[in-house]
Each structure stands twice: as structure tokens, then as C-alpha cells.
Amino acid sequence: MIINGKEIGFELTIQSIDNISKMCPDGEYAKLAELYKGNTTAEKYRIDFKIAKVLNEAHESHNAFNALKNGNNNYKKVLLTDDDLEYMNLSELNVMEDEIMQAMETGKSTSVEAQPIKSSGKKASAVNK
């Protein structure tokens, strides 16, 4: 998504789960919903933005890692700043909330894309023994 002219991505990684967990009651990621209880609307938006910053940092760290792995040590991270929130309108905030929810759901996905098993020439019953 574009925020203040910057292409911003979000990714749920082990790093981002750990950082989000630190915000949650008892340090439990599973208690994320409780983080919002009893807060005003503005406070909830600020929580969303903190989560967005964590997911954005994870996305950019992953991109930087991949760039370095491919020989590019000049990758510049594109990170959200506090000013990005201060000047965001509600429509942009709603889009950002949708994007972070999608990143969190995609990151929690239990499906795995796998390659077909290559035959070893043995029968399945022999392999499983």
C-alpha cells in the first residue's frame, strides 16, 4: 500500500510475532484481542499503527536479507514513521488495517506449498517401515 508516497509492505514473521507479543497481556500473542479492550477509538488506532510498524519492519528486514543474499548490500528499508500516522486520514487508516489483518492471516496460514515426493523406486509400504 502507498502511505505518504511510500510503498509499504507488511509481513508476519517470527520476529514480528515476538514483538507484537511484547505488547499483549502476559506477553501472549494469543491475547492480541485483549490489547484493545477498554481503549478509546484513537488509542485503538495507535495500537493498530504500532502493529503496522512491527509488521512493516519485519517485511523490510526480510527484503533486506533477501537483497543481501543476492549480492545487493545497498537495499534501503522503507519504514513507517510516527509522522505517517499523524497525517493519515481515516480512509487510509482503514486500508492499512485491512492490509495488516491480511498479513497476519497470511502469516498464520497452515497450508504449505510442497513439491511432489520423488519416487525412490520403493513401494510406499517399504518406505514407511
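Shown above is the structure to which this text applies.
Residues numbered from 1 in each chain as written. Predicted model: local features only at pLDDT ≥ 70, side-chain atom pairs only at ≥ 80, totals over all residues. Heavy atoms only, no water.

### Things to note about the layout of surface pockets
Space inside the largest pocket adds up to approximately 180 Å³. Taken together, eleven residues line the largest pocket, and the ones lying closest to its centre are Leu32, Tyr36, Ile51, Met101 and Met104. At the level of elements, helix 2 (41-69) and helix 4 (90-107) are the ones that each hand at least two residues to the lining of the largest pocket. It is helix 4 that provides the largest number of residues to the lining of the largest pocket, a total of five residues. Each residue belonging to the lining of the largest pocket can be placed in one class, and the counts come to seven nonpolar, no polar and four charged. (1 Å grid on protein atoms, 1.4 Å probe; cavity = no way out; pocket = protein on both sides within 12 Å on 5 of 7 lines; lining within 4 Å. Points joined across faces, edges and corners; volume = space filled by probe spheres on them. Helix = DSSP H or I, 4+ residues; strand = E, 2+ residues; numbered from the N terminus. Nonpolar A, V, L, I, M, F, W, Y, C, P; charged D, E, K, R; others polar.)

### Comments concerning the packing of helix 2 against helix 4
Put simply, helix 2 and helix 4 touch, their axes get as near as 10 Å, and they point 50° apart. With respect to their mutual orientation, helix 2 and helix 4 come out oblique. Helix-helix and strand crossings are classified by hand; for helix 2 and helix 4 the assignment is left-handed. Contacts between helix 2 and helix 4 pair Tyr45, Asp48, Phe49, Ile51, Ala52 and Leu55 from the former with Leu90, Leu93, Met96, Glu97, Ile100 and Met104 from the latter. Class assignment of the residues belonging to the contact of helix 2 with helix 4 gives a composition of ten nonpolar, no polar and two charged. (Axes fitted to C-alpha atoms, helices over the stretch in contact; angles between N-to-C directions. Parallel < 35°, antiparallel > 145°, perpendicular 65-115°, else oblique. Left-handed = near helix turned anticlockwise from the far one by under 90°. Contact = heavy atoms within 4.5 Å.)

### Comments concerning the packing of helix 1 (residues 14-21) against helix 2
Relative to each other, helix 1 and helix 2 sit at 160°, their axes nearing to 9 Å. Relative to helix 2, the element helix 1 lies roughly antiparallel. Of the two possible hands of crossing, helix 1 and helix 2 adopt the one that is right-handed. Contacts between helix 1 and helix 2 involve Gln15, Ser16, Asn19 and Ile20 from the first element and Ile51, Val54, Leu55, Glu57, Ala58 and Ser61 from the second.

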